[in-house]
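Structural characterization, general
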2 protein chains.
Amino acid sequence: MKLLHEKINNQGQVRDGDILKVDSFLNHQLDVAFLNEVGKEFKQRFNNEKITKIVTIEASGIAIACIAAQYFDVPVVFAKKTDSRNLDADTYSSNVHSYTKDLDYAVKISKRYLNDDDHVLIIDDFLANGQAALGLVDLAKQAGASVSGVGIVIEKGFQPGGQLLRDHGIHLESLAVIKSLKNNEIEFATN
Amino acid sequence: MKLLHEKINNQGQVRDGDILKVDSFLNHQLDVAFLNEVGKEFKQRFNNEKITKIVTIEASGIAIACIAAQYFDVPVVFAKKTDSRNLDADTYSSNVHSYTKDLDYAVKISKRYLNDDDHVLIIDDFLANGQAALGLVDLAKQAGASVSGVGIVIEKGFQPGGQLLRDHGIHLESLAVIKSLKNNEIEFATN
């Protein structure tokens, strides 16, 4: 996605540890006009899939999922990482390992909001090791829902998440794939 | 806001401890078409205010803020509750006391994304004791920004947050004000 590549080139900052900071438009400050272009692109790429619900994970994913949902005309459900008084006791739950933080955490969705009629599009900002996305796939499968696809804004192509999802037979669409962040330079895998 | 009252009456669930669960459309599953009506209502109510940025707090606030931002044509910045590798070291920070969880936590915004030119509309899902909203007001003031208003979807009118904000001279708009949740019945303060 050309506009996304431009945003990353102009505003992205590479930090030690293969970190790409894009908090001026995607992770902290949110460029909502740009997110609409992202939403349109997801709609185009998943136009042939049946989708009844968009599933994402708090926090940054919520912005992308909600704006995109306007083009699919479906509700969003966001998985929670922490227990809250507002979460039903009766949830689907999956353990996710975070390599960056070196800890496990649970992602949960109330059983009310996913069921076996659902065709789920999973949306998230980043794909690196793929553990969060696989956790959301697991939640959908626990509900008996089918996974219509995974839509990612930025995939770190030098980490295994993309291949893992494809190995599961999942329709993955990443709007930008980063080949390398070596020497603080951003190299895209595709144009 | 009539539509909101209807949604609360039809889908809200009252739980012990004055908890109003609205996770079918606002806190967990997100009814994006409805959020667009909320966004339009905020635009109408703050139409006379100069607004350059919408500020909210993760996680539920992000959905409302992003959809509303489309009607104001401004970016969103969401305050973070936890440190992450993606957050700049140089932040505005304010301590917030959570009465419901009985703990203090810091809310932070990178100094890059709030400055003294900004006119900030603060948006959040709930207003109860007002501590989170006052934390966001504090972040804006640290940046030298002016606070154009606070827009809340559901105010618990029987808790002190609304009065606290008005005492600070802040233009507060709550789309629904709950007068009481006693005996598991939802009573609105206004129609």
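None of the values given here were measured: they were computed from a predicted structure.

Conventions and cut-offs
Residues numbered from 1 in each chain as written. Chains lettered and ligands numbered in written order. Predicted model: local features only at pLDDT ≥ 70, side-chain atom pairs only at ≥ 80, totals over all residues. Heavy atoms only, no water. Helix = DSSP H or I, 4+ residues; strand = E, 2+ residues; numbered from the N terminus. Buried < 20%, exposed > 50% of the residue type's maximum accessible area, 1.4 Å probe, protein only. Least-squares fit on C-alpha atoms with pLDDT ≥ 70 in both. Phe/Tyr/Trp six-rings, centres within 6.5 Å; stacked < 30°, edge-to-face > 60°. Contact = heavy atoms within 4.5 Å. Expected span 1.5 Å × (residues − 1). Pairing = 2+ DSSP bridges.

Before going further, it helps to spend a moment on unusual backbone geometry. Comment: phi is negative for the bulk of residues other than glycine, and the bulk of peptide bonds are trans. Residues and elements named next belong to chain A. For the bond running from Glu 58 to Ala 59, omega is 0°, close enough to zero to count as cis. As for its placement among the helices and strands, Ala 59 is situated in the loop between strand E4 (53-57) and helix H3 (60-72). Located in the positive-phi region is Asp 18, a residue other than glycine, with phi close to 55°. The phi dihedral of Asn 183 falls on the positive side, at around 55°, and the residue is not glycine. Along the polypeptide, Asn 183 turns up in the loop between strand E10 (172-180) and strand E11 (187-188). A relative accessible area of 74% places Asn 183 in the exposed class.

A separate point is the relation of the copies chain A and chain B. Superposing chain A onto chain B requires a rotation of 180° together with a translation of 0.0 Å along the rotation axis, leaving an RMSD of 0.0 Å. One copy is carried onto the other by what is essentially a two-fold rotation axis.

On to the packing of aromatic side chains. Residue and element names in this part refer to chain A. Evaluation of the coordinates by the stated rule reveals four aromatic pairs over all chains. Seen from their ring centres, Phe 25 and Phe 34 are 5.3 Å apart, and the 90° between their planes marks the pair as edge-to-face. Assigned by exposure class, Phe 25 and Phe 34 land together as buried.

All names here are of chain A. Tracing the backbone shows Thr 91 in strand E6 (residues 91-98). Along the primary structure Thr 91 and Leu 114 are separated by 23 residues, whereas in three dimensions their C-alpha atoms are 9.7 Å apart. In this view, Thr 91 contacts Lys 108, Ile 109, Ser 110 and Lys 111; residues no more than four positions away in its chain are not counted.

Residue and element names in this part refer to chain A. Across its twelve residues, helix H4 (residues 131-142) extends 16 Å between first and last C-alpha, which sits within 8% of the 16 Å expected from 1.5 Å per residue. Here H4 has its buried residues at Ala 133, Leu 134, Gly 135, Leu 136, Val 137, Leu 139 and Ala 140. Note on H4: the residue one or two positions beyond its end, Gly 144, has a positive phi of about 80°.

Next up on the list: the sheet that holds strand E8 (residues 119-127) of chain A. Spatially, seven strands are ordered E11(A)-E10(A)-E9(A)-E8(A)-E4(A)-E5(A)-E3(B) in an open sheet, and the strand pairing comes out mixed. Since the sheet does not close on itself, it has two edges, and those belong to E11 of chain A together with strand E3 (29-30) of chain B, each with one partner. In this structure, E4 of chain A lies alongside strand E5 (residues 76-79) of chain A, joined through four bridges in parallel fashion. In the sheet register, Ile 54 of chain A faces E5 of chain A, and the bridge partner there is Val 76 of chain A.

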